[in-house]
Amino acid sequence: MTDKARPLLVTGGAGFIGSAVVRQAVARGLRVVNLDALTYAACPANVASVADSDLYTFEHADIRDRAALDRIFARHRPGTVMHLAAESHVDRSIDGPGAFIDTNVMGTYTLLEAARAHWQAEGRPDDFRFHHISTDEVYGSLGTDGLFTEDTPYDPRSPYSASKASSDHLVRAWGETYGLPVVLTNCSNNYGPFHFPEKLIPVVIIRALDGHEIPIYGAGENVRDWLYVEDHADALLTVAARGQVGRSYNIGGNAERRNIDLVRAICGILDEMRPAAAPYGDQIVFVADRPGHDARYAIDASRIRDELGWKPSVTLDEGLRRTVRWYLDNEDWWRALMTRDGVGKRLGRA
Ligand SMILES: NC(=O)c1ccc[n+]([C@@H]2O[C@H](COP(=O)([O-])OP(=O)(O)OC[C@H]3O[C@@H](n4cnc5c(N)ncnc54)[C@H](O)[C@@H]3O)[C@@H](O)[C@H]2O)c1
């Protein structure tokens, strides 16, 4: 992103994290092309606040469609690609792994090839970046101690994480073999506004408000490290601009919580912001665990902090309050998504 004259091409910019990147990049005065296939997980409303900006362009395209990618690269001549488009829901990957291989593996391969052709046609500029956005789930599962570092061996355990691990390997290989200037990030669980209502935190808020049981997988002992989505977008723009070519950076929130504690915290915030006849925590029920449910993820984010000066700015308690407030204030947004295929149903029982 050193060449400010060239736009930033964001794939998956109508999704949860991609839309946060798009909004922040436009707010910083960057030209942004948002390439998205608008799958079930996309929501154009997520980028409505920037849709009329001169800095923003939308391209409706699939990352598996090489001809469409070539046209888009030729039309916009991006200086940076930030690749977020993916199938992203672990439970759906258990029911239908094929879509995850198609988009996350084949789609990333196709995008890499289109980016490489573009980069070569432009004379192999050093300041071009292909930034691949990945997950901490590629590292597998931790016991009660330890943290994932960038050197932790890959050990993916779900079809989702295996497909993301595959795409990470492809990106590294394109860097080593063809010299494509790549950079990678692996982030912990995100949460915040515009989170699609099939993921844990919005599910808890919505089911609590609707008076339904709030399901917790297993005993709720699984531990995740949570990062507010706007902090992730800031970290991504930092890495895209200043990350070292060929390097990967772990991103995390330093905010580990057991699922049960997270859900109780959300219920407590709801009790305060939207009191009901009984405490929302009374709606919690324990259900059969997800097959292969990773016990604990935790990130050592010292590299991005020490080398690029990034650290999270929003604590988990503050981020949860902002998130609950946002869902209370934006019911139209999430109600409209509840009719999409599979939303509100228990998926991924294998
Ligand atoms: N959500 C998290 O907690 C988390 C954590 C770490 C990393 N990630 C990674 O960040 C990225 C974004 O995650 P998210 O939660 O915003 O996902 P999301 O499911 O909310 O959004 C994905 C977006 O990609 C688009 N898309 C899907 N397939 C496509 C295709 N074939 N061609 C073009 N567009 C396509 C969808 O339409 C959607 O807009 C993913 O790569 C994910 O693996 C997510």
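Residues numbered from 1 in each chain as written. Predicted model: local features only at pLDDT ≥ 70, side-chain atom pairs only at ≥ 80, totals over all residues.

*Asks:* A description of the site of the ligand should follow, citing residues and the corresponding values.
*Replies:* Neighbouring the ligand are 31 residues; G12, G15, A37, A42 and A86 lie closest to it. Elements that contribute at least two residues to the shell around the ligand include exactly α1 (16-27), α4 (97-121), β5 (129-135) and β7 (189-191). Of the residues that constitute the shell around the ligand, the class distribution is 14 nonpolar, twelve polar and five charged. (Near = placed C-beta within 6 Å. Helix = DSSP H or I, 4+ residues; strand = E, 2+ residues; numbered from the N terminus. Nonpolar A, V, L, I, M, F, W, Y, C, P; charged D, E, K, R; others polar.)

*Asks:* Outline the sheet that holds strand β11 (residues 256-258), supporting the account with residue identities and numerical values.
*Replies:* Strand order in the open sheet made by the three strands is β7-β9-β11, with mixed pairing throughout. Strands at the two margins of the open sheet, each flanked by one partner only, are β7 and β11. Going from strand to strand, the sheet's axes swing by 50 degrees on average, the running direction of each strand aside. Summarising the sheet, β7 and strand β9 (residues 223-228) pair through three bridges and their orientation is parallel. From the neighbouring strand, N189 faces β9, where its bridge partner is W226. (Pairing = 2+ DSSP bridges. Axes fitted to C-alpha atoms, helices over the stretch in contact; angles between N-to-C directions.)

*Asks:* Account for the packing of α4 against helix α5 (residues 159-178), with residues named and values stated.
*Replies:* One way to put it is that α4 packs onto α5 with a least axis distance of 9 Å and a crossing angle of 15 degrees. Our classification of the angle between α4 and α5 gives roughly parallel. Between α4 and α5 lies a crossing of right-handed hand. Contact with α4, carried on its side by P97, F100, I101, N104, V105, T108, Y109, L112 and R116, involves P159, Y160, S163, K164, S166, S167, L170, V171, W174 and Y178 of α5 and no other residues of that element. Considered class by class, the residues forming the contact of α4 with α5 number twelve nonpolar, five polar and two charged. (Parallel < 35°, antiparallel > 145°, perpendicular 65-115°, else oblique. Left-handed = near helix turned anticlockwise from the far one by under 90°. Contact = placed C-beta atoms within 7 Å.)

*Asks:* If you had to explain the nonpolar core to someone new, which residues and values would you point to?
*Replies:* Ranked by size, the top nonpolar core spans 95 residues in total, and within it V10, V21, V32, M82, I205, L236 and I266 carry the most contacts. Setting aside chain neighbours within four positions, we find V21 in contact with V10, G13, M82, L84, A233, L236 and L237. (Core = buried A, V, L, I, M, F, W, Y, C linked by C-beta atoms within 7 Å. Buried ≥ 20, exposed ≤ 12 C-beta atoms within 10 Å, placed from the backbone.)

*Asks:* Summarise the pairing of β9; cite the residues concerned and give the values.
*Replies:* Among the six residues that make up β9, five are buried, leaving the element largely enclosed by the rest of the structure. Where β9 and β11 come together, three bridges link them in antiparallel fashion. Within β11, the residue paired with R224 across the bridge is R257.

Remember, this is a structural readout, not a statement about activity or role.
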